[in-house]
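Below are the chains, spelled out letter by letter.
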Amino acid sequence: MEEKPDKNETTSDKYCPKCHHPLTEVGAFWICRQHGLVSFEKLHTALRIFLSYGHYADKELVCRI
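Undergrad: I would appreciate a short explanation of the pairing of strand β2 (residues 22-26) in the present structure.
TA: Every other side chain in a regular strand lies on the same face of the sheet, so the side chains alternate between the two faces. Alignment of β2 against strand β3 (residues 29-32), held across three bridges, turns out to be antiparallel. Counterpart to E25 in the pairing with β3 is W30. Between the antiparallel neighbours β2 and β3 lie two residues, among them G27 with a positive phi of about 65°.

Undergrad: Explain the pairing of β3 to me, please; I cannot follow it from the model alone.
TA: On β3, burial follows the alternation: W30 and C32 on one face are buried, whereas F29 and I31 on the facing-out side are not. Between the antiparallel neighbours β3 and strand β4 (residues 36-38) lie three residues.

Undergrad: Explanation requested: the confidence of the model for the protein chain in the structure shown.
TA: Any residue range with low pLDDT should be treated as having predicted coordinates unsuitable for detailed reading. Overall, the predicted model of the protein chain reaches an average pLDDT of 76, with 72% of residues at or above 70. Scored below 50 in pLDDT, residues 1-9 shows eight contacts in the model against residues more than four places distant or in partner chains.

Undergrad: Mind showing me how you'd approach the state of the cysteines here?
TA: Simply put, disulfide is the name for a covalent bond between the sulfur atoms of two cysteines. Scanning the model with the defined rule gives zero disulfides in all. No disulfide involves C19; its sulfur sits 3.6 Å from that of C32, the nearest cysteine. Taking relative accessible area as the criterion, C32 reaches 2% and is therefore assigned buried.

Here is what the cut-offs are and how they apply
Residue positions are counted from 1 within each chain, in the order its sequence is given. Given that this is a predicted model, residues contribute local features only at a pLDDT of at least 70 and side-chain atom pairs are listed and counted only at 80 or more, while totals for whole chains, interfaces and linings are drawn from all residues. To get the side-chain values, take all heavy atoms of the structure and skip hydrogens and water. Here the rule is simple: two strands pair whenever DSSP picks up at least two bridges between them. Numbering of helices and strands runs from the N terminus; a helix is a DSSP stretch of H or I covering at least four residues, while a strand is a stretch of E covering at least two. Type-normalised accessible area, obtained with a 1.4 Å probe on protein chains alone, sets the label of each residue: buried when under 20%, exposed when over 50%, and partly exposed for intermediate values. You can read pLDDT as the predictor saying how much it trusts each residue, on a scale of 0 to 100. Should any heavy atoms of two residues lie within 4.5 Å, those residues are considered in contact. By disulfide we mean two sulfur atoms from cysteines, separated by a distance within 2.5 Å.

As structure tokens, then:
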């Protein structure tokens, strides 16, 4: 027997990135019936930045950064 979505749930054209099944919208969240809560936020990657100041006059700028 097929499960019918709750009246507060809607399905859309969004799909689970793991299993590619359609997601169900519950409030502000997207749920995969197999994997649970799905997030579409992109993870940030840390930047490796080398700052060099060879002159004392540049110290203030480097400290602000």
